[in-house]
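# Overview (structure and organization)
These are the residues of each chain, in order.
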Amino acid sequence: MLTRWKTLHTSLSRFVRTLGADLALLELKALRPALVRFSDSQAVVDYLTSPGGNLDDKDQILAALISSVQRREHHELASALLWLGMWPALSAIYRRQLRWPGVHADELVSEVGEAFAVRIERLDLDAVHRVA
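Residues numbered from 1 in each chain as written. Predicted model: local features only at pLDDT ≥ 70, side-chain atom pairs only at ≥ 80, totals over all residues. Heavy atoms only, no water.

Let's shift gears to the packing of aromatic side chains. Within the structure shown, the criterion is met by 6 aromatic pairs. The interplanar angle of 45° and the centroid separation of 6.3 Å between the aromatic rings of Trp83 and Trp87 together place this pair among those described as tilted. For the pair Trp83 and Trp87, a shared accessibility class is recorded, and that class is buried. What links up through ring pairs into an aromatic cluster is the set Trp5, Trp83, Trp87, Tyr94 and Phe116. Of note, Arg37 hangs over the ring of Tyr47, and the distance from its end group to the ring centre comes to 5.0 Å. Across from the ring centre of Tyr47, 5.7 Å away, lies the NZ or CZ of Lys58, which sits over that ring. (Phe/Tyr/Trp six-rings, centres within 6.5 Å; stacked < 30°, edge-to-face > 60°. Buried < 20%, exposed > 50% of the residue type's maximum accessible area, 1.4 Å probe, protein only. Lys NZ or Arg CZ within 6 Å of the ring centre and 35° of its normal.)

The residue Arg72 is not glycine, and still its phi comes out positive at about 60°. If you trace the backbone, Arg72 turns up in the loop between α4 (55-70) and α5 (75-85). Residue His74 is not a glycine yet carries a positive backbone phi of 50°. Taking relative accessible area as the criterion, His74 reaches 26% and is therefore assigned partly exposed. (Helix = DSSP H or I, 4+ residues; strand = E, 2+ residues; numbered from the N terminus.)

Quick look at the nonpolar core now. Ranked by internal contacts, the top residues of the largest apolar core, which has 36 residues, are Trp5, Leu35, Val44, Leu65, Leu77, Leu82 and Tyr94. Looking at this core, the elements that each hand over two or more residues are α1 (3-16), α2 (19-31), α3 (41-49), α4, α5, α6 (87-98) and α7 (105-122). The element that contributes the greatest number of residues to this core is α5, accounting for 7 residues. For Trp5, the residues in contact, after removing those within four places along its chain, are Trp83, Trp87, Leu90, Ser91, Tyr94, Val109 and Val112. (Core = buried A, V, L, I, M, F, W, Y, C linked by side-chain atoms within 4.5 Å. Contact = heavy atoms within 4.5 Å.)

Further remarks concern α3. Of all the residues in α3, the buried ones are Ser41, Gln42, Val44, Val45 and Leu48. Here the buried residues of α3 occupy an arc of 155° about the axis, which is enough to place them on one side. Measuring from the side-chain oxygen of the N-cap residue of α3 to the backbone nitrogen of Gln42 gives 3.3 Å; that N-cap residue is Asp40. (Arc of directions from axis to C-beta. Polar contact = N/O pair within 3.5 Å; in protein donor to acceptor, adjacent residues only side chain to side chain.)

So, on to α5. Buried residues dominate α5, accounting for 8 of its 11 residues. Buried residues belonging to α5 abut α1, α2, α3, α4, α6 and α7.

Quick look at the side chain of Asp59 now. For Asp59, the position within the fold is in helix α4. When near neighbours in sequence (up to four residues on either side) are disregarded, Asp59 contacts His129, Arg130, Val131 and Ala132.

Laid out in structure tokens, this is it:
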């Protein structure tokens with residue numbers, strides 16, 4: 001039942017571990033100071049998904065990634081990092097909605113993905129106090 005959802009996670013995880021992703025991160029770090037301290041793309045994901053930590057700091061990183069997606073600055077990497085960085089929350093939403101009657105797992109993956117992408121594209125960072 002969770003096959004497509006797990007496949008999505010695996011695919012995103014593989015992508016951020018590529019040389020291309022790390023090269024894109026180098027260029028993103030020049031544009032987004034919040035990312036400077038990270039050695040590679042996986043380090044960004046690990047930090048964002050770690051329990052605890054400075055929530056304001058994590059929020060700045062998420063905001064930097066959202067800005068990059070919206071401005072098409074290494075859009076694929078920024079989007080993948082957002083997905084993986086927010087995976088615990090997205091997964092909770094997916095699992096909760098999966099319990100609803102008549103919901104099909106494959107369709108739900110598409111619906112969650114589309115809703116997330118639309119919200120990222122339309123998010124006004126000037127009007128939001130906390131990204132996650």
